[in-house]
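Architecture and fold: a report
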Amino acid sequence: VTVWAIAAAVGLGFVAGVLSGIFGVGGGILFVPTLVALGLGHVEAAATSLLAIVPTAATGAIRQRAYGNLRARAALVLGLASIAGAEVGVRLATEILDESMLRRGFGLARGAALPWGTVRAVRGAVVAVLAVTVAGIAAAAPGPDSTSQSSGSALVAQVTVAGQTPVGAAAVSAPPNATVGGPFVFPADGSVLRIGTSTATATAQPGTSTSAEGSIRALAVSIFAGEVVAESVTVRAGAAAGPAGATGDVGTSAITGLVVLGQALTPTGGAQFPLADWGTLDVLGSTSSTSDAPRSAESAVSGLKVRLIAEHAGLPAGTEIVVGVASARAVAQTAPAPVPTRPTRPDGSPRDTGSAPRPRATPRPRPPANAPKEPGKSIPGAPPEVVRAAPEVTARLSRGGYVFPVFGPAAFGNTFGAFRADVAGKWHHGEDLVAPAGTPLLAVADGTLFSVGWNDIGGWRLWLRDDAGNEFYYAHLSAYSPLAIAGKRVRAGDVVGFVGDTGDAEGGPPHLHFEIHPVELLQYGYDGAVAPYPFLVAWRRAEDASFSAGRTYRLGEDGLAGPPGAPVAAAQAGAVLLDAHDISSASGLVPGALQQALAGAQRRASGTP
Amino acid sequence: MIARLVLIGLVAGVFSAVFGVGGGIVVVPLLMALVGLPSHAATATSLGAILVTASAGVALYAVRGDVRPGYAALVGIPAVAGSLLGTHVQQRLSGRTLTLAFAALLVGIAVWLIVW
């Protein structure tokens with residue numbers, strides 16, 4: 001083997017890798033002849049080629065995963081089926097191939113039925129048919145104008161001294177998806193800006209439905225050595241677009257522990273505060289633009305922005321310090337204008353449980369065969385084949401003794417189906433009910449609890465299956481009640497847990513994430529959910545909380561640990577409540593209680609009874 | 001969809017064993033035609049499938065002692081570098097361009113298979 005042969009092998013290996021990366025092929029078609037030329041036997045060449053393919057394919061697959069293109073589960077099914085297919089193929093080959101084919105790289109041929117020319121023609125023809133198929137797909141695809149786009153970017157901090165190049169920290173942009181982070185100081189002594197730690201994440205998901213997100217989280221932020229301080233700055237911008245429309249979202253951005261010149265401030269979006277006579281502070285400034293055709297959605301948000309209007313701390317007027325900038329952009333695939341049609345019911349569609357007869361729908365004209373997918377049928381990141389239209393559901397849960405899941409005041413909107421970057425399918429499968437941490441959560445119906453425990457997204461969570469089979473999901477709990485045991489029967493109104501901010505809600509406002517999965521839709525798995533909003537509105541009117549039902553339990557029973565023979569005791573449910581409920585800011589003590597307490601202290605101090 | 005994936009996998013496996021050409025060349029077009037994946041997703045998923053089959057194949061051959069790691073490194077290491085370049089280039093291509101390029105590649109392979 002000469003140096004030239006080795007150089008040629010390296011070059012051909014590189015070319016095979018490029019082809020593999022672009023076209024998703026293994027590269028064996030070049031590896032095998034190269035290895036044969038280096039003097040390996042055919043079987044050795046085939047085996048060694050497979051070993052070279054493993055890192056090549058792995059590299060491509062890992063890169064493609066970062067770009068959001070890899071369908072890992074489909075790949076696994078394909079690969080396993082392909083191994084089975086090769087088993088069959090080997091048997092077939094020994095039956096139909098000619099001995100002479102051994103020379104041409106088939107280590108497995110033994111029988112003799114098909115002449116080489118036939119094999120050659122058949123496989124050439126098959127590949128030619130595939131070529132025509134692919135060319136047809138390319139011809140049928142929408143033109144180059146309609147390719148989708150997606151980009152997200154995030155920047156933890158940037159200091160722009162007037163007249164100088166900006167100095168930034170931890171900036172990322174997608175694609176490819178990326179996360180960076182760490183502490184940041186400017187200048188080296190941190191006198192202008194100091195950030196304890198931070199992460200910046202950018203994701204982009206291209207496709208027929210495209211979505212992008214940029215987010216940053218910075219902790220322990222201090223500007224001008226404590227003149228502006230924030231415990232945390234969380235900034236998130238999302239954008240999604242599909243055949244049906246485009247939406248931008250900056251809703252989950254928040255700043256906690258904001259203290260400006262020694263004064264605690266409540267950060268509200270878009271607010272501007274003066275900084276003495278030397279500058280201004282903008283809090284949570286955001287922009288969101290949505291256009292319709294061609295689809296688009298851009299959103300951007302910045303956490304803290306200090307602008308100097310006079311010289312300060314040695315920096316000239318015009319200097320700008322920004323903490324937390326996120327932006328997202330999504331341009332949808334501009335397929336031909338969608339034909340609006342009625343959502344179709346799948347087979348086995350839920351029966352109408354309402355008593356009133358439904359008017360029969362008049363027949364609609366059928367869309368042409370090549371009509372694009374109807375609006376609302378796409379989910380960012382999901383291949384169109386697995387997406388079905390949401391079936392119509394008319395089950396009336398509110399009549400069956402259901403109660404509202406949160407005891408006490410709770411705020412909620414109608415965000416079912418909104419963009420959510422971190423959950424399966426990237427859409428909001430339920431509703432967020434915002435309430436103070438520690439607010440009791442009630443079983444909405446008589447039923448059985450299951451899947452009680454931790455989940456990285458839901459945090460401390462539980463599921464309730466009512467007697468009709470409908471399933472309800474409670475997430476982000478701060479604490480469970482003693483009733484919260486998998487398999488436990490509960491009655492409507494029983495306290496099962498308490499509002500919190502665990503899981504991916506950490507750092508945001510405490511809330512209950514609540515989902516409704518009607519029994520008729522359970523066949524669709526996690527995506528078989530309906531908008532909770534109308535149900536919540538109906539249930540709001542009846543709050544049949546029954547604390548008594550869940551107040552007592554016995555040590556050693558109900559799966560709770562307790563030594564044998566331990567005294568049977570009532571649960572201190574109140575202790576659970578106090579653990580979870582922050583009452584430090586509560587008002588409304590018994591009138592005069594403070595005076596009485598102080599008077600008692602004075603009496604003790606002066607020695608009078 | 002699972003049934004279609006299994007079918008595609010079986011066809012690709014049989015084809016590669018009988019005709020000595022297979023893997024991505026068959027999987028990518030079938031993923032696009034039968035499952036409807038866009039071209040970028042089809043090529044990415046094909047790579048994942050190849051990773052599974054090649055790993056299994058290596059294990060079988062290694063038991064028989066046919067694998068020559070030195071030679072594999074000789075072509076495989078430059079191929080990894082090439083793959084990084086290839087995936088990077090692929091991201092710059094639109095779905096339509098990639099599909100057309102794949103069709104051109106298939107035409108070339110078909111001609112080569114018939115003439116060779």
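Cut-offs used in this document
- Residues numbered from 1 in each chain as written.
- Chains lettered and ligands numbered in written order.
- Predicted model: local features only at pLDDT ≥ 70, side-chain atom pairs only at ≥ 80, totals over all residues.
- Heavy atoms only, no water.
- Helix = DSSP H or I, 4+ residues; strand = E, 2+ residues; numbered from the N terminus.
- Buried < 20%, exposed > 50% of the residue type's maximum accessible area, 1.4 Å probe, protein only.
- Contact = heavy atoms within 4.5 Å.
- Areas by Shrake-Rupley, 256 points an atom, 1.4 Å probe, with all protein chains shown as cover.
- Pairing = 2+ DSSP bridges.
- pLDDT = per-residue confidence, 0-100.
- Expected span 1.5 Å × (residues − 1).
- Bend = angle between axes of the 7 residues up to and from the residue.
- Arc of directions from axis to C-beta.
- Core = buried A, V, L, I, M, F, W, Y, C linked by side-chain atoms within 4.5 Å.
- Axes fitted to C-alpha atoms, helices over the stretch in contact; angles between N-to-C directions.
- Parallel < 35°, antiparallel > 145°, perpendicular 65-115°, else oblique.
- Left-handed = near helix turned anticlockwise from the far one by under 90°.
- Nonpolar A, V, L, I, M, F, W, Y, C, P; charged D, E, K, R; others polar.
- Phe/Tyr/Trp six-rings, centres within 6.5 Å; stacked < 30°, edge-to-face > 60°.
- Lys NZ or Arg CZ within 6 Å of the ring centre and 35° of its normal.
- Salt bridge = Lys/Arg side-chain N within 4 Å of Asp/Glu carboxyl O.

Moving on to the overall build of chain A. A count of helical and extended segments in chain A gives 8 helices and 25 strands. Counting across all 609 residues of chain A, residues that qualify as buried make up 41%. Nonlocal contacts in chain A, meaning residues at least 24 apart in sequence, comprise 60% of its contacts between residues at least 6 apart. With the model as given, the accessible surface of chain A reaches about 29000 Å², and the carbon-plus-sulfur share is 58%.

A few words on the overall build of chain B. The number of helices and strands found in chain B is 5 helices and 0 strands. When the helices and strands of chain B are read in sequence order from the N terminus, they spell out α-α-α-α-α. Buried residues in chain B amount to 50% of all 116 residues. Considering only residue pairs separated by 6 or more positions, chain B has 52% of its internal contacts joining residues 24 or more positions apart. Carbon together with sulfur atoms contributes 73% to the accessible area of chain B, which is approximately 4500 Å² in total.

All names here are of chain A. The side-chain alternation of strand E12 (residues 271–275) yields one buried face, formed by Ala271, Phe273 and Leu275, and one unburied face, formed by Gln272 and Pro274. Strand direction decides the pairing type here: E12 and strand E13 (residues 279–291), joined by 5 bridges, are antiparallel. Across the sheet, residue alanine 271 finds its bridge partner in E13, namely valine 283. Connecting E12 to the antiparallel partner E13 that follows it, the hairpin turn spans 3 residues, and alanine 276 within it adopts a positive phi of roughly 45 degrees.

The strand order across the open sheet built from 3 strands is E18-E24-E22 (chain A), with neighbouring strands paired in antiparallel fashion. The strands lining the two open edges of the sheet, one partner per strand, are strand E18 (440–442) and strand E22 (479–480) of chain A.

Another point: the confidence of the model for chain B. Residue and element names in this part refer to chain B. In this model, chain B carries a mean pLDDT of 87, and residues with pLDDT of at least 70 account for 96%. Looking across chain B, the model is least confident in helix H1 (residues 2–19), with a mean pLDDT of 84, and most confident in helix H4 (residues 69–92), with 93. The complex prediction reports pTM at 0.41, with the ipTM value standing at 0.94.

Right, let's talk about helix H3 (residues 42–66) of chain A for a bit. Residue and element names in this part refer to chain A. Helix length check: H3 (25 residues) gives 36 Å between terminal C-alpha atoms against 36 Å at 1.5 Å per residue, within 8%. The largest bend in H3 is about 25 degrees, located at isoleucine 53, with the proline proline 55 one to four residues further on. Taken from the residues just after H3, glycine 68 is the one with a positive phi, measuring 80 degrees.

Here we come to the side chain of His476(A). Among the secondary structure elements, His476(A) is positioned in strand E21 (residues 471–477). Looking at His476(A), the relative accessible area reads 4%, which means it is buried.

Residues and elements named next belong to chain A. Confidence in the prediction for chain A averages 74 pLDDT; 70% of positions are at 70 or higher. Contacts of residues 102–112 to residues separated by more than four positions or lying in other chains number 33 contacts, the stretch itself having pLDDT below 50. Per-residue pLDDT stays below 50 along residues 543–584; that stretch engages in 53 contacts with residues further than four places along the chain or on separate chains.

Okay, helix H5 (residues 95–115) of chain B next. Residues and elements named next belong to chain B. Under the 1.5 Å per step criterion, the end-to-end length of H5 is 30 Å for 21 residues, consistent within 8% with the ideal 30 Å. For H5, the complete set of buried residues consists of Leu98, Thr99, Phe102, Ala103, Leu105, Leu106, Ile109, Ala110 and Leu113. Along the long axis of H5, the arc covered by the buried residues comes to 165 degrees, so they all point the same way.

Within the largest apolar cluster, 51 residues are counted, with the highest numbers of intra-cluster contacts made by Leu193(A), Val221(A) and Leu304(A). No other element matches the 7 residues that strand E7 (residues 228–242) of chain A contributes to this core. Residues contacting Val221(A), with those up to four places away along its chain left out, are Leu193(A), Arg194(A), Ile195(A), Val228(A), Val229(A), Ala230(A), Val233(A), Leu304(A) and Val323(A). Counting 35 residues, the second largest nonpolar core, distinct from the first, contains Val127(A), Ile25(B), Val35(B) and Ala110(B).

Now for the pairing of strand E17 (residues 431–434) of chain A. Residue and element names in this part refer to chain A. Here strand E16 (residues 411–412) runs beside E17; their pairing, made up of 2 bridges, is antiparallel. Within the sheet, the bridge partner assigned to phenylalanine 412 lies in E17 and is leucine 433. Across 4 bridges, E17 lies against strand E25 (residues 511–517) in antiparallel orientation. By the bridge assignment for E25, leucine 433 is matched with leucine 512.

Turning our eyes to something else, we now look at the packing of H3(A) against H4(B). Relative to each other, H3(A) and H4(B) sit at 25 degrees, their axes nearing to 8 Å. Put simply, H3(A) runs roughly parallel to H4(B). The element H3(A) and its partner H4(B) pack so that their crossing is right-handed. Every residue of H4(B) that contacts H3(A) at Thr48(A), Leu51(A), Ala52(A), Pro55(A), Thr56(A), Thr59(A), Gly60(A), Arg63(A) and Gln64(A) is listed here: Pro69(B), Tyr71(B), Ala72(B), Val75(B), Gly76(B), Ala79(B), Val80(B), Ser83(B), Leu84(B), Thr87(B), Gln90(B) and Gln91(B). Classifying every residue of the contact of H3(A) with H4(B) gives 10 nonpolar, 10 polar and 1 charged.

Here we come to unusual backbone geometry. Residue and element names in this part refer to chain A. With an omega of -15 degrees, the peptide bond running from phenylalanine 186 to proline 187 counts as cis. By the element assignment, proline 187 lies in the loop between strand E4 (184–186) and strand E5 (193–205). Of note, the phi angle at leucine 261 is positive, near 50 degrees, even though the residue is not glycine. Structurally, the position occupied by leucine 261 is in the loop between strand E10 (259–260) and strand E11 (263–264). On the basis of relative accessibility, which here comes to 40%, the residue leucine 261 falls in the partly exposed class.

Attention now moves to the packing of aromatic side chains. All names here are of chain A. Following the criterion strictly, the structure yields 16 aromatic pairs over all chains and no others. Taking the centre distance of 6.2 Å and the plane angle of 65 degrees together, the rings of phenylalanine 472 and tryptophan 539 count as edge-to-face. Of the two residues, phenylalanine 472 is situated in strand E21 and tryptophan 539 in helix H6 (residues 533–539); the sequence distance between them amounts to 67 residues. An identical accessibility class is assigned to phenylalanine 472 and tryptophan 539; each is buried. One aromatic cluster is present, formed by Tyr402, Phe472, Tyr474, Phe514, Phe535 and Trp539 through successive ring pairs. If you follow arginine 465 out to its NZ or CZ, it ends over the ring of phenylalanine 450, 4.3 Å from the centre.

Here we take up the pattern of salt bridges. Residue and element names in this part refer to chain A. By the definition in use, this model includes 7 salt bridges over all chains. The shortest N-O distance in the salt bridge between aspartate 282 and arginine 307 comes to 3.8 Å. Of the two residues, aspartate 282 sits in strand E13 while arginine 307 sits in strand E14 (residues 296–308), which places them 25 residues apart along the sequence. For aspartate 282, a relative accessible area of 18% translates into the label buried. Residue class for arginine 307 comes out partly exposed when judged on its relative accessible area of 32%. Arginine 489 is the salt-bridge partner of aspartate 467, the closest N and O atoms lying 2.8 Å from each other. In this pair, aspartate 467 sits in the loop between strand E20 (459–466) and E21 while arginine 489 sits in strand E23 (residues 489–490), placing the two residues 22 residues apart along the sequence. Several salt bridges converge on common partners, so that one network encompasses Asp282, Arg307 and Glu320.

For the rest of this paragraph, the subject is the environment of Leu522(A). Residues and elements named next belong to chain A. On the secondary structure map, leucine 522 appears in the loop between E25 and H6. It is 9.1 Å that separates the C-alpha atoms of leucine 522 and glycine 469, two residues lying 53 residues apart in sequence. If sequence neighbours within four positions are ignored, leucine 522 has contacts with Gly469, Glu471 and His517.

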